[in-house]
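Observations on chain architecture
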Amino acid sequence: MAELVDLRSDTVTQPSEGMRAAMASARVGDDVYGEDPTVNALEASVAALFGHEAALFAPTGSMANQIAIQLSVPPGEELLCDGDAHVVTYEIGAAAALGGVSTRTWAPVGGDIDPDVVVDMIRPAGYHAVPTRAVAVEQTHNRGGGGVIPLSTLETLRAATSAAGVALHCDGARIWHAHVADGVPLRTYGALFDTLSVCLSKGLGAPVGSLVVSSAAAIERARVIRKRMGGGMRQAGVLAAAGAYALEHHIERLADDHAKAARLAEALAPFGVVAGAVRTNIVPLDLRKSPLDAHALAAAARERGVLVSVLGPRVARLVTHLDVDDAAIDRAVEVLPKIFRD
């Protein structure tokens, strides 16, 4: 059988030969002592990309998000985000379990946030209510089909949260895609947020790693939180080198993934299952009007050599990435429409 076309996620990529070489030759030290030169260089580089003072390397995006949330929200106080946000959907209750953080959500709208809805939810301290301490947004939005929040929306949210004395956090796991899709400089995004988490293993192709980006004082606190979570690594430069390679070689090529996702969306458009405009590397599939449910689609596709992600009984997802070449997209474009026709 031909090699599987894996469209489940952009986390399934394998390190390239160049990335493996960078990892093998990385200079290392003990990062808990702050002595790993490759980690230190990566942190300084990413902080500079976003115009912030400092950054902290963490093993996972979930840990990076939870560190950032704890920086802004004390135990028993509140984070606002949307109902499909990664921080409340895929991090298995970490905000509550680890940080004692209360969360309240607005209705899921992906990247199409109405700032007025968010602002109206902010609760000030006092009156025996849980005070809002931070708002989190996701750029790009995973369950929102890779949607990109417009810069103007983020600017409005920044102005409103600043006026209310509330922090603004960006779950920027795929912010690189937003940067490529809309042409917004990373420093422009960085200026809008008190904290960001940015991922190296989604889209950019590193095997592991995310960073928390913020002020120098906040990152000193973040180091303590990371250690408490068990995220203090030793000769982590081997991993940081992969991330540095990804940043140098794999950002601009994300436009190729966007084009491949657009091809998939175009091929499936006649079947009425593509949920909204496809702007980045994620093709969301809404199967509520299809005779196929998500599990049936995934099973039929797997039999034909294509892997599809199941997000719910009637929700599926296709994700393009650097390990999916044009030939793989050709196969997917041949296989998936036939399943919907049969």
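See above for the structure.
A quick note: this is a predicted structure, and the numbers were derived from the prediction, not measured.

The rules behind each value
- Residues numbered from 1 in each chain as written.
- Predicted model: local features only at pLDDT ≥ 70, side-chain atom pairs only at ≥ 80, totals over all residues.
- Heavy atoms only, no water.
- Salt bridge = Lys/Arg side-chain N within 4 Å of Asp/Glu carboxyl O.
- Helix = DSSP H or I, 4+ residues; strand = E, 2+ residues; numbered from the N terminus.
- Buried < 20%, exposed > 50% of the residue type's maximum accessible area, 1.4 Å probe, protein only.
- Expected span 1.5 Å × (residues − 1).
- Contact = heavy atoms within 4.5 Å.
- Polar contact = N/O pair within 3.5 Å; in protein donor to acceptor, adjacent residues only side chain to side chain.
- Phe/Tyr/Trp six-rings, centres within 6.5 Å; stacked < 30°, edge-to-face > 60°.
- Pairing = 2+ DSSP bridges.
- Axes fitted to C-alpha atoms, helices over the stretch in contact; angles between N-to-C directions.

1. Quick word on the pattern of salt bridges
- Applying the stated criterion across every chain, the model contains 18 salt bridges.
- With a shortest N-O distance of 2.8 Å, Arg174 and Asp10 are connected by a salt bridge. With Arg174 in the loop between strand 6 (167–172) and helix 8 (175–182) and Asp10 in the loop between strand 1 (5–6) and helix 1 (17–24), this pair connects stretches of sequence that are 164 residues apart.
- With a relative accessible area of 0%, Asp10 lands in the buried category.
- Note that Asp30 and Arg234 form a salt bridge whose closest N and O atoms lie 3.1 Å from each other.

2. Concerning helix 14 (residues 326–341)
- In a regular helix each residue adds 1.5 Å, so 16 residues correspond to 22 Å; helix 14 covers 23 Å between its end C-alpha atoms and thus fits that length.
- If you follow the buried residues of helix 14, they end up packed against strand 1, helix 12 (254–268), helix 13 (294–303), strand 10 (306–307) and strand 12 (315–319).
- N-cap assignment for helix 14: the residue whose side-chain oxygen lies 3.2 Å from the backbone N of Ala327 is Asp325.

3. Looking at the packing of aromatic side chains
- All chains considered together, the criterion is met by two aromatic pairs.
- Ring geometry for Phe271 against Phe340: centres 5.6 Å apart, planes inclined by 25°, an arrangement best described as stacked. Residue Phe271 is located in the loop between helix 12 and strand 9 (282–286), and its partner Phe340 is located in helix 14; the two are separated by 69 residues in the primary sequence.
- Since its relative accessible area comes to 26%, Phe271 is described here as partly exposed.

4. Overview of the sheet that holds strand 2 (residues 54–58)
- If you walk across this open sheet you meet the seven strands as 2-8-7-6-5-3-4, and the pairing is mixed. Each edge of the sheet is formed by a strand with only one pairing partner; in this case those strands are strand 2 and strand 4 (102–106). Across the sheet, the mean angle from the axis of one strand to that of its neighbour is 20°, orientation sign disregarded.
- Sheet topology note: the strand 3 (residues 78–82)/strand 5 (residues 132–138) ladder contains three bridges and is parallel. Looking at the pairing, Glu78 lines up with Thr132 of strand 5.

5. With respect to helix 7 (residues 151–164)
- The end-to-end C-alpha separation of helix 7 is 20 Å, in line with the 20 Å expected for 14 residues at 1.5 Å each.
- Of the positions making up helix 7, those classed as buried are Thr153, Leu154, Leu157, Arg158, Ala160 and Thr161.
- As for helix 7, its buried residues are in contact with helix 6 (115–121), strand 5, strand 6 and helix 9 (186–191).
- Following helix 7 by one or two positions, Gly165 has its phi on the positive side, about 70°.

6. Observations regarding the sheet that holds strand 9
- Ordered in space as 9-12-11, the three strands form an open sheet in which the pairing is antiparallel. If you trace the sheet from one side to the other, it starts and ends with strand 9 and strand 11 (309–312), each paired once. For this sheet, the mean inter-axis angle between neighbouring strands, taken without regard to orientation, is 25°.
- Inspection of the sheet shows strand 11 paired to strand 12 by three bridges, in the antiparallel sense. Among the inter-strand pairings, Gly312 is bridged to a residue of strand 12, identified as Val315.
- Running over the sheet, helix 12 touches strand 9 and strand 12 and is turned about 25° from strand 9.

7. So, the pairing of strand 2
- Within strand 2, five of the five residues are buried, which leaves it mostly tucked inside the rest of the structure.
- With burial as the criterion, each face of strand 2 is covered, one bearing Ala54, Leu56 and Ala58 and the other bearing Ala55 and Phe57.
- Relative to strand 8 (residues 210–214), strand 2 runs antiparallel, the two sharing five bridges. Residue pairing for strand 8: Leu56 is matched across the bridge by Val212.

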